[in-house]
Amino acid sequence: MKFYSFIYYILIIVCANSLIANEIKYSKIETSVKNLQSSRIIDSSPQRVDSKLKKGSHVKLFLPYLPYLAITHSVNGMLARPANNEKGWEYYLATNIEKIDNKTYDITLKKDVFFQDGTPFNADAVLLNLEYFKKQPARGSGSENLYGLIEKLNDYKVRYHLNYPSGVFYHQIVQTPFYSKKYLDKYGWNGKDSYANLAEPGPYGLGPYILEEGYIEGDRSTPKAVLRANPYYKGKDAAKVEKITIYTSLNLEDAKNSVISTEGELDITPISFSSEVEIILSNYAKLIVSKTTNSYAVHFNLINGSKAIKENKIRYAINQAINKEILLNIAMMGEGSLTPTTISPHFYKMDKILKRLEPFLKKEKEKFKNINKNDYLKKIVTDYQIENNMDSKKPLEIKVLTSESFLFLMKEIKYFLEQININLKIDVVQEENKIFKELLTTYNNKNEKHWDILIWANFDWFKHPYATLFVYYTNIAWSPIPFEDKLHNMINKLFVVDVESDEYISLIANIMKKSYLNNYMLFLPSPNIVYAVNKEVVFHPRPSAFIPLWELEVTDLHWSLRKDKEYPEELKKPYEIIRKNF
């Protein structure tokens, strides 16, 4: 056994033991790696690419979380698209957006833009797409009833009349793709609970990549989809990799092993936090870590879950029993940030919002100042059992539905809850869309599996807290919370309030306070995202769900171009950890 592998296993054993002892606070695993290795090299792949399309190049990705959102801007075209800047977007099919008043916007379109089938994109295409969207809008998007009259001012200029002022208009247009007439005539807009994507392969979009095989939508996908560079797409954001294969339902451990132990099977995959050292010591992979605005969406089933989970005092006990600092520093290897509710602290103006919540959170924390916290919470649980004629000598059973990706979290949470007489019965499914199927059918009592707690990765898709807070919007399928008038109205306000106003800060703070007091969800730390990436792939992760495939590049030493030549021995050394968006 290699020395580094031995050290790795020792670290894992020590971490596991410390979780049980609850005595040691660990820093990030990166610190240990720095002490172990003195010969790491800096990634040179960005200096060995030229931002041009390489014929024959092929990159393979595993996208287990929201794959339809990850790739949509690479296949489809919108007026604007996500960007790594403060406002969160940049122009895409539009060249200018002029706000006339709080309900009217003039939008100038790019000229000489064509759908992948050769038909022109112009004002007529915008009007046609919005006509179809109004017939079957994406439910729960906040834009179902947003658009009023759409006027054609000339061939490349349109005027949007909104039905009401929108504080998130620019974020909404980032989410609204345009399709060719042939696609719309065949499928229209699907009216689903997740935004539409391509229901079948074909030249229906406007992006730098054409969907050549498979399909990826919010509620369904093929295990594999293949994209091909759009030969008619011009500009600096044209494709640099000729072919991209996307997998949606691999085993996470198998995906990791495919990247680190061989070449040609997989180039990019998210990995579990505990796999960081393995990636660093790999011959073929490098470790890329990105700060994010993502969160773990952990729902309590208040629609048809168990009687116990509908009790706020039981949800309170569950939330309070979990030591979030230990969860972050041990199970998550320090890769993330603490947050009092479900919203990432990295959203715009969250520093001011959390400052406003400080007195409230301090007062809540002081409740446990002079008492044994676990004893207090355990009494809440056992008292509930006695009140409901249950045997308090047996643990209260709570049913959890999780994908394989989050089993590591649920195992640690299970340990914490055992201390207060709660037993988690964990049901594991491999594919994310099966989790969504159960979640999105619960609101109308059509879920097939009984569940009390359900977890999925809410990777930010809005660059606005609505990306997290929409789970409290009590009239949509994403929210297993019975309709609650005050909460519903607070979320409605999110669509109208300007993010630059003090009202925005007050509104988000009040939503967070209400969700905290009512324990509408299980609150966990917000995660960084950690990738294993082939050393000869240049990859720039975003702090959200979006993956700009047009930015992917490969060097001449990549397996798809190198063919039968051996990978150079000098590049098999451990690489420095690459941290993005920090």
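This is a predicted model, so every value here is computed, not measured. (Residues numbered from 1 in each chain as written. Predicted model: local features only at pLDDT ≥ 70, side-chain atom pairs only at ≥ 80, totals over all residues. Heavy atoms only, no water.)

Next up on the list: helix H7 (residues 252-261). Every buried residue of H7 is accounted for by Leu252, Ala255, Lys256, Ser258, Val259 and Ile260. Two or three places before Glu253, at the start of H7, stands the capping residue Asn251, its side-chain oxygen 2.9 Å from that residue's backbone nitrogen. (Buried < 20%, exposed > 50% of the residue type's maximum accessible area, 1.4 Å probe, protein only. Helix = DSSP H or I, 4+ residues; strand = E, 2+ residues; numbered from the N terminus. Polar contact = N/O pair within 3.5 Å; in protein donor to acceptor, adjacent residues only side chain to side chain.)

So, on to the sheet that holds strand S7 (residues 157-162). Within a sheet, adjacent strands bond to each other through the backbone by hydrogen bonds, running parallel or antiparallel. The four strands are arranged S4-S5-S7-S6 in an open sheet whose pairing can be described as antiparallel. The open sheet is flanked by strand S4 (94-101) and strand S6 (147-154), the only strands paired with a single partner. For this sheet, the mean angle separating the axes of adjacent strands, direction not counted, is 20°. Two elements, S6 and S7, share five bridges in a ladder whose sense is antiparallel. Note that in S7 the partner of Asn154 across the bridge is Lys157. Sitting on the sheet, helix H4 (residues 123-135) is in contact with strand S5 (104-109), S6 and S7, with an inclination near 170° to S6. (Pairing = 2+ DSSP bridges. Axes fitted to C-alpha atoms, helices over the stretch in contact; angles between N-to-C directions. Contact = heavy atoms within 4.5 Å.)

In this fold, His299 is placed in strand S13 (residues 295-300). In terms of polar contacts, His299 uses its side chain to reach the side chain of Trp456, at 2.9 Å. If near-sequence neighbours (up to four positions away) are discounted, His299 is found in contact with Leu439, Trp451, Asp452, Ile453, Leu454, Trp456, Val471, Trp478, Pro480 and Met521.

Another point: the confidence of the model for the protein. Averaged over all residues, the pLDDT of the protein is 89; the fraction at 70 or higher stands at 92%. Confidence drops under pLDDT 50 across residues 1-30; counting only partners more than four residues distant or on other chains, this segment forms 43 contacts. (pLDDT = per-residue confidence, 0-100.)

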